[in-house]
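# Architecture at a glance
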Amino acid sequence: MHATRYQGVFPVVPTTFREDGSLDLPSQKRCVDFMIDAGSTGLCILANFSEQFLLADEEREVLTRAILEHVAGRVPVIVTTTHFSTEVCAARSRRAQEQGAAMVMVMPPYHGATLRVGEEKIHEFYARLSDRIAIPIMIQDAPVAGTPLSAAFLARMAREIEHVAYFKIETAGAASKLRELIRLGGEAVEGPWDGEEGITLLPDLEAGATGAMTGGGYPDGIRTILDPWQAGRRDEAARAYERWLPLINYENRQGGILTAKALMKAGGIIDCEAPRHPFPAMHPAVREGLLAVAKRLDPLVLRWG
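Starting from 1, residues in each chain are numbered consecutively following that chain's sequence as written. Note on the predicted model: pLDDT of at least 70 is required for a residue's local features to be given, and 80 or more for side-chain atom pairs to be given and counted; whole-chain, interface and lining totals, by contrast, use all residues. Note: side-chain values were computed over all heavy atoms of the structure, leaving out hydrogens and water.

Looking at an unreviewed UniProt entry, the protein carries the name Dihydrodipicolinate synthase family protein, with the source organism given as Ramlibacter cellulosilyticus.

If you want it as structure tokens, here you go:
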């Protein structure tokens, strides 16, 4: 097994649109530049917080190529390639690798509220994906997939499938699941990661998480938690977590997917914070509350632009 290749803060990059719903690539590139300047160890694109479910396949290709070319190796980039079809997911993942992705992130096969497959087919899905690529696979264990993935099953896939090595745990009781996954998987679990905007970041770090995939609006704030933790300064990390938790909570429980774009628009980084129809825009009162919380913390996002 490789030594740990990737750890740290890998925020999700939001997808920027114009008011008419078309892709805004100039804003997209400024967004990426800000996120790197704000201390992101790496980036993740085309995730749910990137509004990937509102993108056409052709737009996914445009964004993957444009972002990877613009990043130009400054930081590693994880590309989300989730699809119900094994073949479509494998083809997406292969193209991402060829374009320079450091890793792919993939949820188990699901569609809508009820279409799922059992463990045998999930294992086959990730095994066939692994056979097609040569970069790490991160399994995204998220409630949106509606697919139970036990720690024992995740650990078995880590041991048995060559490139399955990273795990983003976003389910209830994430810290306990991370602990069990690490215990059962041993060295095969190269990257046990925190998710869900960092709302459980400190307990997850205590459980052994080595990476965090958060929202993209304030990686500088998340770094003040993760850096001292990794350096062994646990009290300092706890104080930083307590300081940033109101904003983390606002993103996780109030602003959601649109939080990073609202902050970037307020800071002059992007031109438009709107989602694509029919996803609802952020309520003005929520936006006002979000910015009030953010201003007290003075993150780079409000000054970079």
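Now that the structure has been shown, the text picks up again.
Next up on the list: the UniProt feature "binding site: pyruvate" (unreviewed entry) in the protein. UniProt positions are given in the numbering used here, feature names are shortened, and annotations may be inferred rather than shown by experiment. Those residues carrying the UniProt feature "binding site: pyruvate" (unreviewed entry) are Met-213 in this numbering. Counting from the N terminus, the helices are the DSSP runs of H or I reaching at least four residues and the strands are the DSSP runs of E reaching at least two. Examined against the element boundaries, Met-213 turns out to sit in the loop between strand S10 (211–212) and helix H8 (219–230). A 1.4 Å probe rolled over the protein chains alone gives each residue an accessible area, and that area as a share of the maximum for its type sets the label: buried under 20%, exposed over 50%, partly exposed in between. Taking relative accessible area as the criterion, Met-213 reaches 1% and is therefore assigned buried. Contacts of Met-213, omitting those with residues within four sequence positions, involve Phe-10, Val-12, Cys-44, Ile-78, Met-105, Met-138, Lys-168, Trp-193, Asp-194, Gly-195, Glu-196 and Glu-197. Residue contacts are defined here by distance: any two heavy atoms, one from each residue, within 4.5 Å place the two residues in contact.

Attention now goes to the nonpolar core. Across soluble globular proteins, nonpolar side chains show a tendency to be buried alongside one another. The definition of a nonpolar core used throughout is a set of buried Ala, Val, Leu, Ile, Met, Phe, Trp, Tyr and Cys residues joined through side-chain atoms within 4.5 Å. The biggest cluster of nonpolar side chains holds 103 residues, and the ones touching the most others in it are Tyr-126, Met-157, Phe-167 and Met-264. At eight residues, helix H9 (residues 234–255) tops the list of elements feeding residues into this core. Setting aside anything within four residues of it in sequence, one finds Met-264 in contact with Pro-14, Cys-31, Phe-34, Met-35, Gly-216, Ile-269, Ile-270 and Val-301.

Now for the sheet that holds strand S3 (residues 77–80). Strands belonging to one sheet form pairs held by backbone hydrogen bonds; the direction of such a pair is parallel or antiparallel. Strand order in the open sheet formed by eight strands is S1-S10-S9-S8-S7-S4-S3-S2, with parallel pairing between adjacent strands. Only two strands of the sheet have a single neighbouring strand rather than two, namely strand S1 (8–9) and strand S2 (43–45). DSSP-based pairing: two strands are paired if at least 2 bridges between them are found. Pairing of S2 with S3 involves three bridges; the strand directions are parallel. Bridge assignment links Cys-44 to a residue of S3, and that residue is Ile-78. For helices, the axis comes from a line fit to the C-alpha atoms of the stretch in contact; other axes are also lines fit to C-alpha atoms, and the angle between any two N-to-C directions lies between 0 and 180 degrees. Helix H6 (residues 174–185) contacts strand S7 (137–141), strand S8 (164–169) and strand S9 (191–194) of the sheet and is inclined by roughly 165° relative to S8.

With that settled, the discussion passes to the packing of aromatic side chains. Stacked, tilted and edge-to-face are the three classes assigned to paired rings of Phe, Tyr and Trp, where Trp is represented by its six-membered ring and a pair needs centres within 6.5 Å; plane angles under 30 degrees give stacked, over 60 edge-to-face, the rest tilted. Applying the stated criterion across every chain yields a total of eight aromatic pairs. Judged by centre distance (6.1 Å) and plane angle (70°), the ring pair of Phe-34 and Trp-304 falls under edge-to-face. Pair noted here: Phe-34 is in helix H1 (residues 25–37) and Trp-304 is in the segment after helix H11 (284–297), with a separation of 270 residues, a long-range link. Owing to a relative accessible area of 28%, Trp-304 belongs among the partly exposed residues under this scheme. Each residue in the set Tyr-6, Phe-10, Tyr-166 and Trp-193 is aromatic and connected to the rest through ring pairs, giving one cluster. A ring is considered to have a charge above it if a Lys NZ or an Arg CZ atom is located within 6 Å of its centre and within 35 degrees of its normal. Just above the ring of Trp-229 sits the side chain of Arg-234; from NZ or CZ to the centre is 4.0 Å.

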